[in-house]
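The lines below spell out each chain.
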Amino acid sequence: QVQLVESGGGLVQPGGSLSVSCAASGITFSTYTMGWYRQVLGKQREMVATITRSFNTDYADSVKGRFAISVDNAKNTLYLQMNSLKPEDTAVYYCYARSRFGSAYWGQGTQVTVSS
């Protein structure tokens, strides 16, 4: 059974930093493309950052230079370091895993709120 469990969300002031994590089980982490998506109520889920099996990364234009995605294959954990946070970064952040065969999984999400 595949499980993706996010943690680390919370409330942070504008300009602050926050790190979220995604612990995976039931998959061989190093064979998956991993990513972070976010969704605001009433809007479509959008890609934030992805990292491939060969560690190539991609970021949404809105977070380039502020967010960093990384993986620890030994711990089967995905990270998203978020710096210089803005109120518009407020969303539920979801962990995503996709195998090379097309199987895809989502975590349950963690709320990130940027507000003073």
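Relevant structure appears above.
Let me begin by describing the structure that accompanies this report.

Conventions and cut-offs
- Residues numbered from 1 in each chain as written.
- Predicted model: local features only at pLDDT ≥ 70, side-chain atom pairs only at ≥ 80, totals over all residues.
- Heavy atoms only, no water.
- Buried < 20%, exposed > 50% of the residue type's maximum accessible area, 1.4 Å probe, protein only.
- Helix = DSSP H or I, 4+ residues; strand = E, 2+ residues; numbered from the N terminus.
- Pairing = 2+ DSSP bridges.
- Core = buried A, V, L, I, M, F, W, Y, C linked by side-chain atoms within 4.5 Å.
- Polar contact = N/O pair within 3.5 Å; in protein donor to acceptor, adjacent residues only side chain to side chain.
- Contact = heavy atoms within 4.5 Å.
- Axes fitted to C-alpha atoms, helices over the stretch in contact; angles between N-to-C directions.
- 1 Å grid on protein atoms, 1.4 Å probe; cavity = no way out; pocket = protein on both sides within 12 Å on 5 of 7 lines; lining within 4 Å.
- Points joined across faces, edges and corners; volume = space filled by probe spheres on them.
- Nonpolar A, V, L, I, M, F, W, Y, C, P; charged D, E, K, R; others polar.
- Salt bridge = Lys/Arg side-chain N within 4 Å of Asp/Glu carboxyl O.

Here strand 11 (residues 110-114) shows one buried face, formed by T110, V112 and V114, and one open face, formed by Q111 and T113. Where strand 2 (residues 10-12) lies against strand 11, three bridges are found, and the strand directions are parallel. Residue pairing for strand 11: G10 is matched across the bridge by V112. By the bridge criterion, three bridges tie strand 9 (residues 91-99) to strand 11 in an arrangement that is antiparallel. In the sheet register, Y93 faces strand 11, and the bridge partner there is T110.

This part is about unusual backbone geometry. Unlike most non-glycine residues, F55 shows phi in positive territory, near 70 degrees. Position of F55 relative to the elements: it lies in the loop between strand 5 (46-51) and strand 6 (57-59). In this structure F55 comes out as partly exposed when scored by relative accessible area, which is 48%.

Turning to the nonpolar core, a few remarks are in order. With 29 residues, the main nonpolar core has W36, L78, L80, M82 and Y93 as its most contacted residues. Elements with a contribution of two residues or more to this core: strand 3 (18-25), strand 4 (32-39), strand 5, strand 7 (67-72), strand 8 (77-82), strand 9 and strand 11.

Mapped onto the fold, T110 is located in strand 11. Of note is the side chain of T110, whose polar atom sits 3.3 Å from the backbone nitrogen of G9. In this structure T110 touches E6, S7, G8, G9, V20, A91, V92 and Y93, once residues within four positions along its chain are discounted.

This part covers the sheet that holds strand 1 (residues 3-7). Spatial strand order, 1-3-8-7: four strands in an open sheet with antiparallel pairing. What marks the edges here is a single partner per strand, and that holds for strand 1 and strand 7. Ignoring strand direction, the axes of neighbouring strands in this sheet form an average angle of 15 degrees.

Looking now at empty space enclosed by the protein. Taken as a whole, this structure holds one cavity of 30 Å³ or more when the rule is applied. By volume, the largest cavity is sized at about 50 Å³. What lines the largest cavity is simply F29, S30, Y32, M34, I51, T52, R53, F55, V71 and N73. Its residues assigned to classes, the lining of the largest cavity shows six nonpolar, three polar and one charged.

Per the counting criterion, the structure on display carries four salt bridges. Between D89 and R38 there is a salt bridge, and its shortest N-O distance comes to 3.0 Å. You can see D89 sitting in the loop between strand 8 and strand 9 and its partner R38 sitting in strand 4, a full 51 residues away along the chain. For the pair D89 and R38, one class covers both residues: buried. Where R66 meets D89, a salt bridge forms, and the shortest distance between an N and an O atom there is 2.8 Å.

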